[in-house]
Amino acid sequence: MLTLDPVSLSQHLIRRESVTPDNGDSLDFLAGVLTTLGFKCHKLVFEEEGTDPVPNLYARFGKKGPNVCFAGHTDVVPVGAADQWTVAPFAAEVRDGQLYGRGAADMKSAIAAFVAAAERFLSGRTKKPKGSISFLITGDEEGMAINGTRKVLDWLTERGEKIHMCIVGEPTNPTEMGQMIKIGRRGSLHGVIKVKGAQGHVAYPHLARNPIPDLVKLLASLDGPLDAGNAQFQPSNLEIINVDVGNESHNVIPAEAKARFNVRFNNEFTPESLKAELGRRMDSAGVAYEVDWWLSGDSFLTPEGDLSDALGAAVEKRLGVKPELSTTGGTSDARFIKNMCPVVEFGLVGATMHKVDEHVAVADIQALTDIYTDVLDRLLG
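Within each chain, residue numbers correspond to sequence positions counted from 1 in written order. Reporting in this predicted model follows two pLDDT cut-offs: at least 70 for local features of residues, and 80 or more for side-chain atom pairs to be given and counted; totals over whole chains, interfaces and linings ignore these cut-offs and use all residues. In computing side-chain values, all of the structure's heavy atoms are included and hydrogens and water are not.

## Focus on the layout of surface pockets
Which parts of space are left empty comes out when a probe the size of a water molecule is rolled across the atoms. Put plainly, a pocket is an open set of points on a 1 Å grid over the protein atoms alone with protein on both sides within 12 Å along at least five of seven lines, a cavity is a set where a 1.4 Å probe fits but cannot get out, and a lining residue has an atom within 4 Å of a point. Grid points are joined across faces, edges and corners, and a volume is the space filled by probe spheres set on the points. Roughly 720 Å³ of internal volume is contained in the largest pocket. Lining the largest pocket are 33 residues, and of these Glu141, Glu142, Gly330, Thr331 and Ser332 sit closest to its centre. Put simply, DSSP marks the helices as runs of H or I at least four residues long and the strands as runs of E at least two long, and each gets a number from the N terminus on. Per element, the largest residue contribution to the lining of the largest pocket is 3 residues, and it comes from strand E15 (residues 290-297). Of the volumes computed, that of the second largest pocket is approximately 200 Å³. What lines the second largest pocket is simply Gly38, Lys40, His42, Tyr58, Arg60, Phe61, Gly62, Lys63, Arg159 and Glu161. The set of elements that each furnish at least two residues to the lining of the second largest pocket consists of strand E1 (40-46) and strand E2 (54-61). For the lining of the second largest pocket, the element with the most residues is E2, which contributes 3 residues.

Set out below in structure tokens:
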């Protein structure tokens, strides 16, 4: 019988330099461990024209439902300024009770905790679980997320296989373990506005048409509250994130002006109704424009039920605190999984994710393993 140490597993994963997209080394290591535990593993590589091929892993123990899935990603963001790290970013060194390394918080240690939890749950039983345990691990979450989780879900659907409940191991706790379970997320809508003009000499403006004043009017029309939020969500928010005229000259009126914005929107809007509202505002500016939209995720809310109840009770039992059920923060692959089943997110403390000297407490990894084990017992025991 194996006795897996989640901290050691975390170190093995961190030492595999899987800057997005993961080339598969971390997934191969995971598959090896899970196969030893009795999981049937599928390595799935997806690609599209113009994108990198991305390996993913789906592993399952058991054949009957309910299928309780843990979802996560082994790809990590780049280390950034490597000379500013006080430890080697991929050395996975433990100092003063903290595990350092890129991916320690987001989110290799959570993957390790769930693997260890699965082993503890399965090895400690005298009879078969009431359902199945599965892992859906992608190498493409920190990037464009084109060839990752959503394509694994399509693959499962084609096979007639279903996930019934899912925990995503994102680092949901702001500063201390047990603070927050995510039961939903805001959507994310991107827009690119383009205004065309006529290039010319700044000394002869009557022979040109400057697109910048019109772009300013459009951007001004987008200012102002979109909604007041509600009991589950904070207000929707629009941010202008880039303005570009592509003009390096000091004496040329540019031919075109563009701006990019992003809206993090709550369930007061659908993507269609949000586009309509923003279009209405821009039309009120009275200028000609073009806009291209890109939706990277819709808003969603998982109603309270067996999954959130089990996770909340496990957190409270282990840590003595009642976690907040929240919808704050950015997007995650839960935005794809919610189309198949109820999904919640709970992992480690995220205060250092994506930062120099990313780290998590060793004690928190152990606590998370205990919580995940308890959840499996409550749902499948």
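## A closer look at the environment of Arg378
Tracing the chain through its elements places Arg378 in helix H9 (residues 362-380). The sequence separation of Arg378 and Asp309 amounts to 69 residues, and the corresponding C-alpha distance is 9.6 Å. Once residues lying within four places of it in the same chain are set aside, the contact partners of Arg378 are Ala310, Ala313, Ala314 and Lys317. Contacts are residue-level and defined by heavy atoms, with any inter-residue pair within 4.5 Å sufficient.

## Notes on the sheet that holds strand E12 (residues 237-244)
By definition, two strands form a pair when at least two bridges between them are found by DSSP. Taking strand neighbours across the sheet as the criterion, the 4 strands line up as E12-E14-E10-E15 in an open arrangement whose pairing is antiparallel. Each edge of the sheet is formed by a strand with only one pairing partner; in this case those strands are E12 and E15. Ignoring which end each strand starts from, the neighbouring axes of this sheet average 20° apart. Pairing of E12 with strand E14 (residues 256-265) involves 7 bridges; the strand directions are antiparallel. Residue Asp244 lies in a different strand from E14, and its bridge partner there is Lys258. Only the stretch in contact is used when a helix axis is fitted, and all axes are lines through C-alpha atoms; the angle between N-to-C directions ranges over 0 to 180 degrees.

## Observations concerning the packing of helix H1 (residues 6-14) against helix H2 (residues 25-36)
What describes two packed helices is the angle between their axes and the distance between those same axes. Where H1 contacts H2, the two axes come as close as 9 Å, and the packing angle between them is 150°. Regarding the angle of H1 to H2, the classification is roughly antiparallel. From H1, Leu9, His12 and Leu13 reach across to H2, where they touch Ser26, Phe29, Leu30 and Val33. Any angle that is under 35 degrees is reported as roughly parallel, and any over 145 degrees as roughly antiparallel; angles of 65 to 115 degrees are reported as roughly perpendicular and all others as oblique.

## Side note on unusual backbone geometry
Generally, phi is negative for residues other than glycine and the peptide bonds are trans, each holding for most cases. Across the junction of Thr20 and Pro21, the peptide omega takes the value -5°, indicating a cis bond. Examined against the element boundaries, Pro21 turns out to sit in the loop between H1 and H2. The residue Asp96 is not glycine, and still its phi comes out positive at about 50°. Inspection of the secondary structure assignment puts Asp96 in the loop between strand E4 (94-95) and strand E5 (98-100). Here Ala145, not a glycine, exhibits a phi torsion of approximately 55°, which is positive. Along the chain, the position of Ala145 falls in the loop between strand E6 (132-138) and helix H4 (149-159). Remark: exposure states derive from per-residue accessible area (1.4 Å probe, protein chains only) relative to the maximum for the residue type, with buried under 20%, exposed over 50%, and partly exposed in between. Look at Ala145 and you get buried, because its relative accessible area is 2%.

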